[in-house]
Amino acid sequence: MKTKYGVLIIAHGSKSQEWEDQIKRTVDKVQCPFPIVISYLEFSKMTIERGIEELEEMEVTQIIVVPLFVSSGSTHIEEVKFALGISHAFSGRADIQPVKLQVPVIWREPINAHSIVLDILSERIQELSKAPEKESLLIAAHGSKQQDLSLKWKEQLEKIKSGLERRFAFQLVEYGTLYPDNLRKAAERLLDKGGKVLVIPLVLSEGYLTKKSIPAILDGLDYIWNGKTIVPHDLVARWIEREIGEAAAEAERK
């Protein structure tokens with residue numbers, strides 16, 4: 001029987017309809033011959049279980065799972081892999097119950113430090129930067145309290161930092177996280193060096209992090225910011241297309 005693929009895009013979800021709309025607009029731009037369903041971890045009736053049920057009702061024989069997250073260091077990634085039976089160990093409190101699967105799933109990793117992320121961040125930087133040689137750049141990310149996941153975040157952020165250093169002639173490029181809580185200290189260090197400080201969020205979509213959390217942490221500091229995130233951006237749709245194509249090609253070779 002010829003394989004009939006289906007695609008499950010998994011995003012976190014938000015109480016904000018605009019947040020969900022941005023995800024939908026991005027996925028709608030994906031050009032793919034397979035049926036695509038978006039599911040969310042919370043704040044939506046379209047759960048992972050429901051998304052899988054919809055694809056199974058379409059009689060797909062394999063499901064390609066694309067997690068629309070910025071980092072493999074997210075606690076939610078481990079939780080989702082546990083729920084899908086990809087990982088059999090989860091150290092945290094699982095809010096998602098194990099999902100009954102009728103067909104095999106093909107797991108893909110989050111976007112991490114993909115070149116597309118560098119391209120998007122570069123565009124965001126160019127919107128704010130006037131004279132890089134007189135400016136410093138701060139990448140603001142969520143991070144994790146768990147040591148193993150925090151290391152994944154650090155590895156990703158180091159790659160992004162190096163990539164942006166090669167593209168721009170900033171005085172300094174640094175990153176800071178909410179977990180562990182070092183974002184404000186990183187901003188203060190850059191400000192102490194002199195020059196203007198640009199802050200770019202490594203965040204999937206505009207929401208609580210960009211409108212409340214990060215501005216609150218940096219309150220009172222003199223920095224340049226517009227809060228623009230990874231989506232909406234057409235390059236994210238191109239990344240999803242590549243992930244789907246690569247997953248299907250690898251499966252066909254097996």
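Structure's up top.
Residues numbered from 1 in each chain as written. Predicted model: local features only at pLDDT ≥ 70, side-chain atom pairs only at ≥ 80, totals over all residues. Heavy atoms only, no water.

Trainee: For the packing of helix α4 (residues 115–128) against helix α8 (residues 234–253), give the residues involved together with the corresponding values.
Mentor: Packing of α4 against α8 leaves a shortest axis separation of 10 Å and a crossing angle of 175°. Regarding the angle of α4 to α8, the classification is roughly antiparallel. Here Ile116, Asp119 and Ile120 of α4 come into contact with α8, specifically with Leu235, Val236, Arg238, Trp239 and Arg242. Class assignment of the residues belonging to the contact of α4 with α8 gives a composition of 5 nonpolar, no polar and 3 charged. (Axes fitted to C-alpha atoms, helices over the stretch in contact; angles between N-to-C directions. Helix = DSSP H or I, 4+ residues; strand = E, 2+ residues; numbered from the N terminus. Parallel < 35°, antiparallel > 145°, perpendicular 65-115°, else oblique. Contact = heavy atoms within 4.5 Å. Nonpolar A, V, L, I, M, F, W, Y, C, P; charged D, E, K, R; others polar.)

Trainee: Describe the sheet that holds strand β4 (residues 105–107), with residues and values.
Mentor: As summarised here, the arrangement of the 4 strands in space is β2-β1-β3-β4, forming an open sheet in which the pairing is parallel. Each edge of the open sheet is held by one strand with a lone partner, namely β2 (36–40) and β4. Geometrically, the sheet is characterised by an average inter-axis angle of 25° between neighbouring strands, direction not taken into account. Inspection of the sheet shows strand β3 (residues 62–67) paired to β4 by 3 bridges, in the parallel sense. Of the residues in β4, the one forming a bridge with Ile64 is Ile106. Sitting on the sheet, helix α1 (residues 17–28) touches β1 (5–11) and β2, and the angle it makes with β2 is about 160°. Along the sheet face, α8 touches β1, β2, β3 and β4 and points at about 145° away from the line of β3. (Pairing = 2+ DSSP bridges.)

Trainee: Which residues make up helix α2 (residues 48–57), and what values do they have?
Mentor: Every buried residue of α2 is accounted for by Ile48, Gly51, Ile52, Leu55 and Glu56. Burial along α2 is one-sided: seen end-on, the buried residues are contained in an arc of 135°. Elements in contact with the buried residues of α2: β1, β2, β3 and α3 (75–83). (Buried < 20%, exposed > 50% of the residue type's maximum accessible area, 1.4 Å probe, protein only. Arc of directions from axis to C-beta.)

Trainee: Help me get a handle on the pattern of salt bridges, residues and values and all.
Mentor: Applying the stated criterion across every chain, the model contains 16 salt bridges. One salt bridge connects Arg50 with Glu57, and the closest N-O pair in it is separated by 3.5 Å. Under the relative-accessibility criterion, Glu57 is labelled exposed at 57%. In this structure, Glu250 and Arg108 form a salt bridge, with 3.4 Å as the shortest nitrogen-oxygen distance. One end of the pair, Glu250, is in helix α8; the other, Arg108, is in the loop between β4 and α4, with 142 residues separating them in the sequence. The exposure class of Arg108 is buried, given its relative accessible area of 10%. (Salt bridge = Lys/Arg side-chain N within 4 Å of Asp/Glu carboxyl O.)

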